[in-house]
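Single-letter residue listing:
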Amino acid sequence: MNRPDAIFTDLDGTLLGPDKKVGTQDAAAIRRLKELGIPVIICTGRPILGTRLVTAELGLGLTLCSNGGCCHDFIRDETLLAVEMDHGVARRLLAWLEEEGEPFLLHAPKQIFGSPGAQMPPHYVLQGEESGGTIFHDSPFDGLQILKVLAVRCDEAELIRKGRERFTPEELTICSSERSFVDFNPPGVTKGAGIRWLAEKMGWDLARVIAMGDNNNDLSMLELAGMGAAPESGIPAAKAVADFVTAPSGENPLSATIKHYYPNLLPSPALRA
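Predicted model only: the values in this text are computed from it and were never measured.

*Asks:* Residue-level account of the packing of helix H1 (residues 24–36) against helix H8 (residues 253–261), with values.
*Replies:* Contact geometry of H1 with H8 gives a least axis separation of 7 Å together with a crossing angle of 55 degrees. Comparing their axes, H8 and H1 come out oblique. The segment H1 lies against H8, with Gln25, Asp26, Ala29, Ile30 and Leu33 engaging Pro253, Leu254, Ser255 and Ile258. In terms of residue class, the contact of H1 with H8 is built from 6 nonpolar, 2 polar and 1 charged.

*Asks:* Pulling in residues and values, what's your account of the packing of helix H3 (residues 87–100) against helix H4 (residues 156–166)?
*Replies:* Taken N-terminus to C-terminus, the directions of H3 and H4 make an angle of 140 degrees; their axes are 12 Å apart at the nearest point. If you check the angle between H3 and H4, you find them oblique. Of the two possible hands of crossing, H3 and H4 adopt the one that is right-handed. Between H3 and H4, the contacting residues are Arg92, Trp96, Leu97 and Glu100 on the first element and Leu159, Lys162, Gly163 and Arg166 on the second. Residues of the contact of H3 with H4, tallied by class, amount to 3 nonpolar, 1 polar and 4 charged.

*Asks:* Break down H1 for me, citing the residues and quoting the values.
*Replies:* When the terminal C-alpha atoms of H1 are compared, their 19 Å separation across 13 residues agrees well with the 18 Å that a helix rising 1.5 Å per residue should span. Among the residues of H1, Asp26, Ala27, Ala28, Ala29, Ile30, Leu33 and Leu36 are the ones counted as buried. In this structure, the buried residues of H1 make contact with strand E1 (6–9), strand E2 (40–43), helix H2 (52–58) and H8. Gly37 occupies a position one or two residues after H1 and carries a positive phi of about 80 degrees.

*Asks:* Account for the pairing of strand E11 (residues 181–185), with residues named and values stated.
*Replies:* Counting buried residues along E11, 5 of its 5 residues qualify, which places the element largely inside the surrounding structure. Residues Phe181, Asp183 and Asn185 line one face of E11 and the alternating positions Val182 and Phe184 line the opposite face, and both faces are buried. Pairing between strand E9 (residues 148–152) and E11: 4 bridges, direction antiparallel. Looking across to E11, one finds that Ala151 is bridged to Val182. Looking at chain direction, strand E10 (residues 173–178) and E11 are connected through 4 bridges and run antiparallel. Paired with Cys175 across the bridge in E11 is Asp183. The hairpin formed by E10 and E11 contains 2 residues between the paired strands, and Ser180 there has a positive phi angle of roughly 75 degrees.

*Asks:* Tell me about the nonpolar core, residues and numbers included.
*Replies:* By size, the foremost hydrophobic cluster in this structure holds 27 residues, and its most contacted members are Leu33 and Leu265. For this core, the elements supplying multiple residues, two or more each, are H1, E2, H2, strand E12 (209–212), strand E13 (227–231) and H8. When residues of this core are assigned to their parent elements, the largest contribution, 5 residues, is made by H1. Ignoring anything within four residues of it in the chain, the contact list for Leu33 reads Ile7, Ile38, Val40, Ile258, Leu265 and Leu266. The next biggest cluster of nonpolar side chains, apart from the first, holds 25 residues, and it includes Ala108, Ile135, Ala151 and Phe184.

About the cut-offs
Residues numbered from 1 in each chain as written. Predicted model: local features only at pLDDT ≥ 70, side-chain atom pairs only at ≥ 80, totals over all residues. Heavy atoms only, no water. Axes fitted to C-alpha atoms, helices over the stretch in contact; angles between N-to-C directions. Helix = DSSP H or I, 4+ residues; strand = E, 2+ residues; numbered from the N terminus. Parallel < 35°, antiparallel > 145°, perpendicular 65-115°, else oblique. Contact = heavy atoms within 4.5 Å. Nonpolar A, V, L, I, M, F, W, Y, C, P; charged D, E, K, R; others polar. Left-handed = near helix turned anticlockwise from the far one by under 90°. Expected span 1.5 Å × (residues − 1). Buried < 20%, exposed > 50% of the residue type's maximum accessible area, 1.4 Å probe, protein only. Pairing = 2+ DSSP bridges. Core = buried A, V, L, I, M, F, W, Y, C linked by side-chain atoms within 4.5 Å.

In C-alpha cells:
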C-alpha cells in the first residue's frame, strides 16, 4: 500500500480546533493510522506536561515538545531527547524579560515555573511539585534542565525584534508560536530539526513524511517534510511554504490532508462520526 512513513502534526491552531478538541473525523483517522502501523507524532511548542492529556486521549506515544527540542515517549514515560538552554544565557534572558516587564513561563521536562503574575495556560494541568513555583533570573538553577522560556501576553513582533538584537542565533532561537506568545529555545532548536533527528533515528524518509502546522514555529517543518500542509486558517507565511492548504482548524484538517496525499489510505468508515 502506498503510505507515508510518518505524520507530524501541530496541536494548537492545527489538529485542535478553537474549542481545543480534536475533530471526530481526525480522531477516527488517527485510530485507523495506528491500526495500519503509521506513526502519528504530535509536534508542538507545548511542554511535556502541557501535551500529555491530548496524547492520552488519542493513545499516542512519541511526541516532539518544546518546538522540537524535546522528544518524549508517553507510552514508556521516557524522554529520548532534551536540548537544554545554557544557564548563563537563561539568566540573561530572564533578567531582560524582568526589565521589560514581560511575564514568562520556564519549561523543564517535569516542571513548569513562572514569573510573578504569569498565568499558566489551562491545558497545563499540573500536579504537586510539577508546578515549580515562581522563578527569577537569580533563582538557583542547579540541576535544572531549561528547555524553553515562553513570554506570554506580549507584543510578539516587538519582543522578537528586541530579542534578536540582544541575543545571537548561537545563543537562542526566537520565534512566535501564537498571538501574544514568544518562544525562546536553545540555539538550533526548531520543529524541523526535531523531525530530522527523529526521522534519522527511526529510518524514515523525509520525502515520505507529512507535516501539518499553522504558525511561525511550524515553518521549518513545513519546509522540511516532503508533504507540508497548513490549515486554511493558518498564518499567510505557513500557507505560503506549505505544499497543500488543507481544511481550517476545527474542520478535520488531518483527514483532509491524508485524503489529498493518499486518497485510498483511509476508507470512509474510518472517518465516520
